[in-house]
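Observations on the model geometry
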Amino acid sequence: MVYEFQWEDGLLVGLLGISSMVGTIGNAAVILAFCLFKKVRSTNNAFILNTSFWDLVTSAGIIPLIVSSTMTGLPNCGEACCAFIGFLNLFSLLQSMLSCALIAFNRYVHVVLSLATYKRLFGPVKAFLWVVGSWLTGTLIMFPAVTGIYGSLGWDAHVQMCQLSHEDPASVLFFQNVVLSLYWVVAFAISAFYARIYLHVRKSTMAIGQHLGHSPQQVSLQAVKRTKHMFYIFFTFLTLTCPVVVVNYADFFATFLPKAVFFISFAMFYCNTAVNPIIYTWTLKEFRQGFKSMVHCRRHIVPTPQAAQPGVQRPVRVINVLSRSGVPNHVVPSEPSSDTSELNT
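Reading guide: rules and limits
- Residues numbered from 1 in each chain as written.
- Predicted model: local features only at pLDDT ≥ 70, side-chain atom pairs only at ≥ 80, totals over all residues.
- Heavy atoms only, no water.
- Helix = DSSP H or I, 4+ residues; strand = E, 2+ residues; numbered from the N terminus.
- Contact = heavy atoms within 4.5 Å.
- Areas by Shrake-Rupley, 256 points an atom, 1.4 Å probe, with all protein chains shown as cover.
- Phe/Tyr/Trp six-rings, centres within 6.5 Å; stacked < 30°, edge-to-face > 60°.
- Buried < 20%, exposed > 50% of the residue type's maximum accessible area, 1.4 Å probe, protein only.
- Patch = residues over 30% accessible without salt bridge, like charges linked within 9 Å, V, L, I, M, F, W, Y side chains within 5 Å.
- Salt bridge = Lys/Arg side-chain N within 4 Å of Asp/Glu carboxyl O.
- Axes fitted to C-alpha atoms, helices over the stretch in contact; angles between N-to-C directions.
- Parallel < 35°, antiparallel > 145°, perpendicular 65-115°, else oblique.
- Nonpolar A, V, L, I, M, F, W, Y, C, P; charged D, E, K, R; others polar.
- Disulfide = S-S within 2.5 Å.

**As for the overall build of the protein**
Within the protein, the secondary structure is distributed over 9 helices and 2 strands. Its helices and strands in sequence order give the protein the pattern α-α-α-α-α-β-β-α-α-α-α, from N to C terminus. Taking as baseline every contact in the protein between residues at least 6 positions apart, the subset at least 24 positions apart corresponds to 75%. Of the roughly 17200 Å² that the protein leaves accessible, carbon and sulfur atoms contribute 68%.

Written out as structure tokens, the structure reads:
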């Protein structure tokens, strides 16, 4: 049977091609900035590095193979190779989820708990161990499909890609009951972390508004801004990946939903690998400075000059992060930050 290339396939190939190109360049730049510049090598950015590594694997390796199989309707390689590609495909998704969870937990500990607790849980070496733990967790989750106990990896003829074998009836159960269920568990856990952070910051701001003076509840402006930027990463991930999750629950075999709907949600999922480096550049100053230094072939980050302001210094004010909830803006005293703890690389 000859596979017929349709316009929906062309749409998917075009969107995936753009995601692959932008994601490969962007994530390679993120990894290079982390390796080159001391200012970028922080505990927080270790989790971003893990995300960027697997986004690079997806954009530079997996997406081109998906494009190839979509255009031909055939597997890219032999059975064992296709199973390995399927493993990488699902494992990269798990790492994106677990990295978002680690980032949210990191911000929760830093903002809500004490600085001593943060240093105890997220020192330079321990940040590396958290990443290793996420790799081991992902491997354990994939173990049933790898061994064939519950589902199997291989060629999926329904979507023309190497992922889970369509010949094994348990594959759909593994994907829905394990991978997609874990997706919702992680999403709700991350939402709970950020909700707890929001309530803590709101309570701290209200305490300052009532002139209660300094209290352990007060948090620094730097911690609030950093947490807000990390939330952008999670919100973007959730927005781009949720549609394909819902579609896979509703019509895993793509039998009754329009093919265009399935492919657009599929393309949105892989667009996440290209969007992440853009978010890092937009929200995180150290990455923005690192990228500028790489463009100008500098070996060190040159700090952005700030205009001198002689005389009375203006008080630091909290950016309007709570105004929508009716909470007034007030000065939030700074606290020592361990966000810039350098990793030994």
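**A closer look at the packing of aromatic side chains**
Taken as a whole and judged by the stated rule, the model has 27 aromatic pairs. Note on Trp184 and Phe188: the rings are 6.5 Å apart at their centroids and 35° apart in plane angle, and the pair reads as tilted. Placement of both Trp184 and Phe188 in helix 6 (residues 170-209) is noted, with a separation of 4 residues, approximately one turn of the helix. The exposure class of Trp184 is partly exposed, given its relative accessible area of 27%. The class for Phe188 is exposed, based on a relative accessible area of 59%. What links up through ring pairs into an aromatic cluster is the set Phe47, Phe105, Tyr108, Tyr118, Phe122, Trp130 and Phe193.

**What about a nonpolar patch on the surface?**
Taken together, Ile18, Met21, Val22, Ile25 and Ile278 make up a surface patch of nonpolar side chains, about 490 Å² in accessible area. The element best represented in the nonpolar patch is helix 1 (residues 7-36), accounting for 4 residues. Note on placement: Val22 falls in helix 1.

**Here's the deal with the environment of Trp135**
Tracing the chain through its elements places Trp135 in helix 5 (residues 124-147). Leave out the neighbours within four places in its chain, and Trp135 touches Asn50, Phe53, Trp54, Phe91 and Gln95.

**Observations regarding the packing of helix 2 (residues 43-72) against helix 7 (residues 221-250)**
As a packed pair, helix 2 and helix 7 sit with axes 13 Å apart at the nearest point and diverge in direction by 10°. The angle between the axes of helix 2 and helix 7 places the two elements in the roughly parallel class. Seen from helix 2, the contacting residues are Asn44, Asn45 and Ile48; seen from helix 7, they are Arg226, Met230 and Ile233. Residue composition of the contact of helix 2 with helix 7, by class: 3 nonpolar, 2 polar and 1 charged.

**Digging into the state of the cysteines**
Disulfides are covalent bonds that connect the sulfur atoms of two cysteines. Scanning the model with the defined rule gives 2 disulfides in all. Disulfide pairing is shown between Cys77 and Cys81; the S-S distance is 2.3 Å. Linking Cys77 and Cys81, the disulfide has an S-S dihedral of approximately -90° and is accordingly described as left-handed. The partly exposed category is assigned to Cys77, whose relative accessible area is 27%. A sulfur-sulfur separation of 2.0 Å characterises the disulfide bridge that pairs Cys82 with Cys162. On the S-S bond that ties Cys82 to Cys162, the torsion sits near -110°, and the link is left-handed. Residue Cys82 is located in helix 3 (residues 79-112), and its partner Cys162 is located in strand 2 (residues 161-164); the two are separated by 80 residues in the primary sequence. Residue Cys82 is classed as buried on the basis of its relative accessible area, which comes to 3%. Sequence-ordered numbering of the bonded cysteines in the protein gives a disulfide pattern of 1-2, 3-4.

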